[in-house]
Amino acid sequence: MKIIHQNAHYIVVCKAAGEDAEHDVPERLAEALGGTPRMYYPVHRLDQAASGLLVLARDRDTAAGLSRLLAEGRLHKTYLCVVSGTPETPGGTMKDLLYKDRMKKKMYPVKRKRNGVKEAELSYTVLNTVDRASLVEVTLRTGRFHQIRCQFAARKMPLFGDGKYGSRQHCPHLALFCNTLSFYDEAEKQECHFEVKPPEEYPWTLFQATSENGRETSRNDGMLRT
């Protein structure tokens with residue numbers, strides 16, 4: 001875990017793969033900054049197997065305010081993932097009905113609504129394709145458990161390293177990374193934007209850091225834009 005930004009009200013970290021957002025990250029912060037894990041409130045979810053940006057509030061009022069922004073769709077996140085194959089179109093939306101098997105801790109696509117089934121929607125853009133692997137940027141329209149992993153796997157494009165959803169591509173960690181985070185800082189009265197790049201490991205290293213226009217987009221480990 002790496003601290004990207006902190007102030008009196010919240011902390012933005014880059015969570016490592018394998019760390020639990022609700023338990024491990026607050027414990028790491030308590031070790032690094034003092035206090036107890038209960039002093040740090042995770043505002044949104046990030047799969048334990050995934051990595052990337054996560055914001056934690058330092059008090060209940062800030063936690064309530066950031067949670068309200070999340071509920072209103074004003075706390076914005078984008079994700080990068082590496083999938084097997086290539087989507088049929090370079091960009092678009094995916095809509096599915098997903099059912100969560102609580103015993104297996106896994107989501108399944110289903111055809112009809114019934115008890116426990118929820119609608120899931122995301123939008124995506126293919127950034128690059130190399131050797132039957134695609135680097136994809138994703139924005140969630142709904143926040144379902146394992147949503148990105150399940151929706152791509154349902155289209156026979158499992159994420160690299162995601163054996164739970166059928167991937168045969170072995171890599172150090174699940175190729176799912178929250179790379180941008182934006183929200184309005186009510187205390188500072190300004191919009192804040194944080195951006196980080198994935199770790200320098202396979203399969204992220206398959207892709208050159210270029211934008212759709214061919215311009216270099218290599219980023220610092222973390223930066224704050226206002």
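I will try to describe carefully the structure that is included in this document. Note that the structure is predicted; figures quoted are calculated from it, not measured.

How each quantity is defined
Residues numbered from 1 in each chain as written. Predicted model: local features only at pLDDT ≥ 70, side-chain atom pairs only at ≥ 80, totals over all residues. Heavy atoms only, no water. Helix = DSSP H or I, 4+ residues; strand = E, 2+ residues; numbered from the N terminus. Expected span 1.5 Å × (residues − 1). Buried < 20%, exposed > 50% of the residue type's maximum accessible area, 1.4 Å probe, protein only. Arc of directions from axis to C-beta. Contact = heavy atoms within 4.5 Å. Polar contact = N/O pair within 3.5 Å; in protein donor to acceptor, adjacent residues only side chain to side chain. Core = buried A, V, L, I, M, F, W, Y, C linked by side-chain atoms within 4.5 Å. Salt bridge = Lys/Arg side-chain N within 4 Å of Asp/Glu carboxyl O.

1. A word on helix 2 (residues 60-71)
Its 12 residues give helix 2 an end-to-end C-alpha distance of 16 Å, which sits within 8% of 16 Å, the value for a rise of 1.5 Å per residue. Three or more residues of helix 2 are buried, namely Thr62, Ala63, Gly65, Leu66 and Leu69. Along the long axis of helix 2, the arc covered by the buried residues comes to 165°, so they all point the same way. Facing away from the buried side of helix 2 by more than 90 degrees, the exposed set consists of Arg60, Asp61 and Ala71. Residues of helix 2 that are buried sit in contact with strand 2 (10-15), strand 3 (41-42), strand 4 (51-57) and strand 10 (176-185). At the N-terminal boundary of helix 2, the capping side chain belongs to Asp59, with an oxygen 3.2 Å from the backbone nitrogen of Asp61.

2. Some thoughts on the nonpolar core
Among the nonpolar cores identified, the biggest contains 54 residues, and Val55, Cys81, Val138, Ile148, Phe152 and Phe183 are the most heavily contacted of them. With sequence-adjacent residues up to four places away left out, Ile148 is seen in contact with Tyr79, Cys81, Leu122, Val138, Leu140, Leu159 and Leu176. With 6 residues, the next largest nonpolar core counts Leu98, Met107, Ala120 and Cys150 among its residues.

3. Quick notes on the environment of Val13
Tracing the backbone shows Val13 in strand 2. For the pair Val13 and Leu53, spaced 40 residues apart in sequence, the C-alpha separation works out to 5.7 Å.

4. Describing the pattern of salt bridges
In the structure shown here, the tally under the stated rule is 7 salt bridges. Two residues, Arg74 and Glu72, come together in a salt bridge whose shortest N-O distance is 2.7 Å. Residue classification places Arg74 among the partly exposed positions, given a relative accessible area of 40%. Connected through shared salt-bridge partners, Asp47, Arg149 and Asp162 make up one network.

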